[in-house]
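# Observations on the three-dimensional arrangement
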Amino acid sequence: MMSDVITPKEYLLQGYRLKERIRMHQSEIEELRSLATSVGSPGFEPHYNSNPSTKAPFERLLYKIYDMEAEHTKMLDKLLTFKKEATEAINKIPNQDERLILLYRYIKNWSFADIGEKLNVDRHTAMRWHDKALSRFELPENPTIIGERV
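What you see is a predicted model, and the numbers here were worked out from it, not measured in a lab.

In total, this model carries three aromatic pairs according to the counting rule given. Here Tyr-104 and Trp-110 contribute two aromatic rings whose centre-to-centre distance is 4.3 Å and whose plane-to-plane angle is 10°, an arrangement assigned as stacked. For Tyr-104, a relative accessible area of 13% translates into the label buried. Taken together, the aromatic side chains of Tyr-11, Phe-82 and Phe-137 make up a single cluster linked through ring pairs. The cationic tip of Arg-105 hangs over the ring face of Phe-112; the distance from NZ or CZ to the ring centre is 4.1 Å.

Now for the nonpolar core. Among the nonpolar cores identified, the biggest contains 20 residues, and Tyr-11, Leu-12, Leu-18, Ala-86, Ile-90, Leu-102 and Phe-137 are the most heavily contacted of them. Elements with a minimum of two residues in this core: helix 1 (8–37), helix 2 (57–90), helix 3 (96–107) and helix 5 (123–136). Per element, the largest residue contribution to this core is six residues, and it comes from helix 2. For Ile-90, the residues in contact, after removing those within four places along its chain, are Leu-12, Arg-99, Leu-102, Leu-103, Ile-107 and Phe-137.

Put simply, helix 3 and helix 5 touch, their axes get as near as 9 Å, and they point 100° apart. Classified by the angle between their axes, helix 3 and helix 5 sit roughly perpendicular to one another. Here Asp-97, Glu-98, Ile-101, Leu-102, Arg-105 and Tyr-106 of helix 3 lie close against helix 5, whose contacting residues are Ala-126, Trp-129, His-130, Lys-132, Ala-133, Leu-134 and Arg-136. Taken together, the residues of the contact of helix 3 with helix 5 sort by class into seven nonpolar, one polar and five charged.

Turning to unusual backbone geometry, a few remarks are in order. If you check the backbone angles, Asn-109 has positive phi at about 60° while not being a glycine. Relative to the helices and strands, Asn-109 is located in the loop between helix 3 and helix 4 (112–119). A relative accessible area of 23% places Asn-109 in the partly exposed class. For Asn-120, which is not a glycine, the phi torsion comes out positive at approximately 60°. The residue Asn-120 is located in the loop between helix 4 and helix 5 in this model.

Below, the discussion takes up the pattern of salt bridges. Enumeration over the complete set of coordinates arrives at five salt bridges. Arg-23 is paired through a salt bridge with Glu-20; the nearest N and O atoms lie 2.2 Å apart. Pair noted here: Arg-23 and Glu-20 are both in helix 1, with a separation of three residues, about one helical turn. Residue classification places Glu-20 among the partly exposed residues on the basis of a relative accessible area of 26%. Where Arg-136 meets Glu-98, a salt bridge forms, and the shortest distance between an N and an O atom there is 3.5 Å. Here the residue Arg-136 occupies a position in helix 5, and Glu-98 occupies one in helix 3, the gap between them amounting to 38 residues. For Arg-136, a relative accessible area of 38% puts it in the partly exposed group. Taking relative accessible area as the criterion, Glu-98 reaches 3% and is therefore assigned buried. Each member of the salt-bridge network shares a partner with another, and the members are Glu-30, Arg-33 and Glu-69.

Basis of the calculations
Residues numbered from 1 in each chain as written. Predicted model: local features only at pLDDT ≥ 70, side-chain atom pairs only at ≥ 80, totals over all residues. Heavy atoms only, no water. Phe/Tyr/Trp six-rings, centres within 6.5 Å; stacked < 30°, edge-to-face > 60°. Buried < 20%, exposed > 50% of the residue type's maximum accessible area, 1.4 Å probe, protein only. Lys NZ or Arg CZ within 6 Å of the ring centre and 35° of its normal. Core = buried A, V, L, I, M, F, W, Y, C linked by side-chain atoms within 4.5 Å. Helix = DSSP H or I, 4+ residues; strand = E, 2+ residues; numbered from the N terminus. Contact = heavy atoms within 4.5 Å. Axes fitted to C-alpha atoms, helices over the stretch in contact; angles between N-to-C directions. Parallel < 35°, antiparallel > 145°, perpendicular 65-115°, else oblique. Nonpolar A, V, L, I, M, F, W, Y, C, P; charged D, E, K, R; others polar. Salt bridge = Lys/Arg side-chain N within 4 Å of Asp/Glu carboxyl O.

Encoded structure:
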């Protein structure tokens, strides 16, 4: 049985995972749009169907695209809400470098190498500051939980 307590790192990683799901979802929508606008090849063999569909294949795709876009918008809204909440919580950390580390890592999804370069420190120093910042990070009172936890 999983504990109901979420760690600061689990909380902050939610944004990255949701962003990846949004990317995958967007890719699926693009594929469906491509299918909906492509010309299908005609079949020359006889087809016998007692219940022929009254809708063209592209019409079914358009309805699916519409539904997926609505879901996509919901996921984007969730991501924006989460990022705002997480940024507010990160900004409560007193040390500016530690705040920047967490913002770059979890809001911008940068690697430690990129963060170190931006802050003119090596990757290991960025990782050490990250661990210190995580130990000082306090979860919001009612943290947003996105999806299931692993």
